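# Survey of secondary and tertiary structure
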Amino acid sequence: MSVLPLVFTSGWASGINAYAVVLLLGVFGATGVTDEVPASLQRTDVLVVAGVLFLCEVVADKIPYVDSVWDTAHTVIRPLAGAVVAALLAGESGSLPELAAGAIGGSTALMSHLVKAGTRMAVNTSPEPFSNIAVSIAEDLGVAGVVTFAIFHPWIAASIAATLLVLGLVILVFLASRIRRFLRRRAQRREEKRLAETVSHRPDGDRLPPA
């Protein structure tokens, strides 16, 4: 079961930034830092694509509201990436069945993705963009640090990832009411704008006479 902590950690990290996980693991494997990374993640074309998509995410993830759209588009991609990476890691080591590894990596990635997406919605309720940028940078550094740490101290890194996941779920529960209020206000503003546009485009003959 030696690959289990790496599977869990990579799943957690994939839910936040799957492209960074693929890029980091591929580079670590290609440079000989670890021999637990499968050859498929070390291929040059995989590293190039992961690098380009990682740069796209770095930019999109720091723009308010664009980050939420990006998260929505990755609701399937991140858990799928977490499952695939976990299965590949398990297949390389042979110490954990690939199907079980995929289930662990995919479900962990889904939970951390939901925490990330929900937290970003709450952060976007703030009118200034700096908190959004700060959270994004913290996520990028957290993923890089924990995945790197997992190569040398997998069980400790898995414990850190598990703690961060639980804390994220707890924080998300506290932020749920704020997110709902924000969504209601946004829907109300849209409805008011729609009604205003409808009235402004009515023919003069259909307008109500002034009181």
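Here, every reference points to the structure presented above.
A brief structural summary.

Judged by side-chain charge, Arg180, Arg181, Arg184, Arg185, Arg189 and Arg190 come together as a positively charged surface patch. Along the polypeptide, arginine 189 turns up in helix H7 (residues 154-200). Judged by relative accessible area, arginine 189 falls into the partly exposed class, the value being 46%.

Our next topic: the environment of serine 10. Inspection of the secondary structure assignment puts serine 10 in helix H1 (residues 4-30). Not counting chain neighbours up to four residues away, the residues in contact with serine 10 comprise Val21, Val85 and Leu89. A polar contact is formed between the side chain of serine 10 and the backbone oxygen of valine 7, at a distance of 2.9 Å.

Attention shifts here to unusual backbone geometry. You will see that tyrosine 65, though not glycine, has its phi angle at about 75 degrees, which is positive. Tracing the backbone through its elements, the reader meets tyrosine 65 in the loop between helix H2 (44-60) and helix H3 (66-73).

Here we come to the nonpolar core. With 28 residues, the main nonpolar core has Val7, Trp12, Leu25, Leu89 and Val143 as its most contacted residues. Those elements that provide at least two residues to this core are H1, helix H4 (77-93), helix H6 (130-152) and H7. With 10 residues, H1 is the single largest residue contributor to this core. Apart from residues no more than four positions distant in its own chain, leucine 89 is found in contact with Val3, Leu6, Val7, Ser10, Leu25, Glu36, Val37 and Pro38.

Here is what the cut-offs are and how they apply
- Residues numbered from 1 in each chain as written.
- Predicted model: local features only at pLDDT ≥ 70, side-chain atom pairs only at ≥ 80, totals over all residues.
- Heavy atoms only, no water.
- Patch = residues over 30% accessible without salt bridge, like charges linked within 9 Å, V, L, I, M, F, W, Y side chains within 5 Å.
- Areas by Shrake-Rupley, 256 points an atom, 1.4 Å probe, with all protein chains shown as cover.
- Salt bridge = Lys/Arg side-chain N within 4 Å of Asp/Glu carboxyl O.
- Lys, Arg positive; Asp, Glu negative; His and termini not counted.
- Charge placed at Lys NZ, Arg CZ, Asp CG, Glu CD.
- Helix = DSSP H or I, 4+ residues; strand = E, 2+ residues; numbered from the N terminus.
- Buried < 20%, exposed > 50% of the residue type's maximum accessible area, 1.4 Å probe, protein only.
- Contact = heavy atoms within 4.5 Å.
- Polar contact = N/O pair within 3.5 Å; in protein donor to acceptor, adjacent residues only side chain to side chain.
- Core = buried A, V, L, I, M, F, W, Y, C linked by side-chain atoms within 4.5 Å.

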